[in-house]
Amino acid sequence: MANLLQTASQSGDFTVLLAAIKATELEDTLNSEGSFTVVAPTDDAFAKLPPAERDALFANIPKLKRIVLYHAILGNVRSDDFAEIDEAPTVEGSVIAIKRSGGETRINDALVTQMDILADNGVIHKIDTVLMPGILAHEYD
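Every value quoted in this text rests on a predicted model; they were computed, and no experiment measured them.

Calculation notes
Residues numbered from 1 in each chain as written. Predicted model: local features only at pLDDT ≥ 70, side-chain atom pairs only at ≥ 80, totals over all residues. Heavy atoms only, no water. Core = buried A, V, L, I, M, F, W, Y, C linked by side-chain atoms within 4.5 Å. Buried < 20%, exposed > 50% of the residue type's maximum accessible area, 1.4 Å probe, protein only. Helix = DSSP H or I, 4+ residues; strand = E, 2+ residues; numbered from the N terminus. Contact = heavy atoms within 4.5 Å. Pairing = 2+ DSSP bridges. Salt bridge = Lys/Arg side-chain N within 4 Å of Asp/Glu carboxyl O.

1. Regarding the nonpolar core
L17, I21 and I124 are the most contacted members of the largest nonpolar core, which totals 24 residues. Looking at this core, the elements that each hand over two or more residues are α1 (4-11), α2 (15-23), β1 (36-41), α4 (43-47), α6 (61-70) and β6 (110-119). Sort the elements by how many residues they give to this core and α6 lands first, with 4 residues. The residues contacting I21, other than those within four sequence positions of it, are L5, L26, E27, L30 and V68.

Printed below as a string of structure tokens:
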């Protein structure tokens with residue numbers, strides 16, 4: 001089995017996220033033997049952001065790093081775990097909300113479109129929206 005970054009790369013749906021991970025120098029962290037859960041926005045999720053906002057993120061590496069880390073949870077949290085919890089702390093330090101209804105799972109406002117993409121050092125859950133930590137709305141202006 002491949003690690004998280006190799007698995008994300010093989011999927012073909014995460015080129016912008018992988019570029020963000022590279023730009024923020026988080027490759028070694030997410031390639032490490034530790035176990036991570038990544039709620040991974042697809043390229044389509046990044047495409048929902050206005051182009052100027054997307055460009056601004058890549059121009060502000062500290063902010064981009066916080067956003068990338070907001071999509072990571074320590075440990076291997078699979079779909080059956082999500083069924084048991086309502087929130088999870090992120091590596092960034094904030095908490096994400098987990099909501100289930102009508103057979104759907106949402107992370108904050110993002111719909112989980114595919115769960116349990118397994119990797120050697122964790123699991124990926126594909127989401128349709130880029131998550132933004134609330135604190136970032138007032139920082140980095």
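2. Quick notes on the pairing of strand β5 (residues 104-107)
On any regular strand, side chains alternate: one points to one face of the sheet, the next to the other face. Where burial is concerned, the two faces of β5 differ: the one with T105 and I107 is buried and the one with E104 and R106 is not. Sheet analysis places strand β4 (residues 95-101) next to β5, joined by 4 bridges and oriented antiparallel. Bridge pairing in β5 links I98 to I107. Counting the residues that bridge the hairpin from β4 to β5 gives 2 residues, and of these G102 lies at a positive phi of roughly 55°. Strand direction decides the pairing type here: β5 and β6, joined by 2 bridges, are antiparallel. Residue pairing across strands places I107 opposite A110, the latter belonging to β6. Counting the residues that bridge the hairpin from β5 to β6 gives 2 residues, and of these N108 lies at a positive phi of roughly 50°.

3. Topic: the pairing of strand β7 (residues 122-127)
Buried residues dominate β7, accounting for 6 of its 6 residues. Burial along β7 is two-sided: the face carrying G122, I124 and K126 and the face carrying V123, H125 and I127 are both buried. Both β1 and β7 contribute to a ladder of 6 bridges, which runs parallel. The residue bridging V38 from the neighbouring strand is I124, located in β7. Two strands pair when backbone bridges link them, and β6 and β7 are joined in this way by 5 bridges, in the antiparallel orientation. Bridge pairing in β7 links V112 to I127. The turn joining β6 and β7, which pair antiparallel and follow one another in sequence, is formed by 2 residues.

4. Concerning the pattern of salt bridges
Two side chains bearing opposite charge may form a pair once their charged atoms approach each other closely. For the structure on display, the rule yields 6 salt bridges. The shortest N-O distance in the salt bridge between D86 and R100 comes to 3.1 Å. Here D86 is found in the loop between α7 (79-82) and β3 (87-89), whereas its partner R100 is found in strand β4, with 14 residues between them in sequence. Given the relative accessible area of 56%, D86 is considered exposed.

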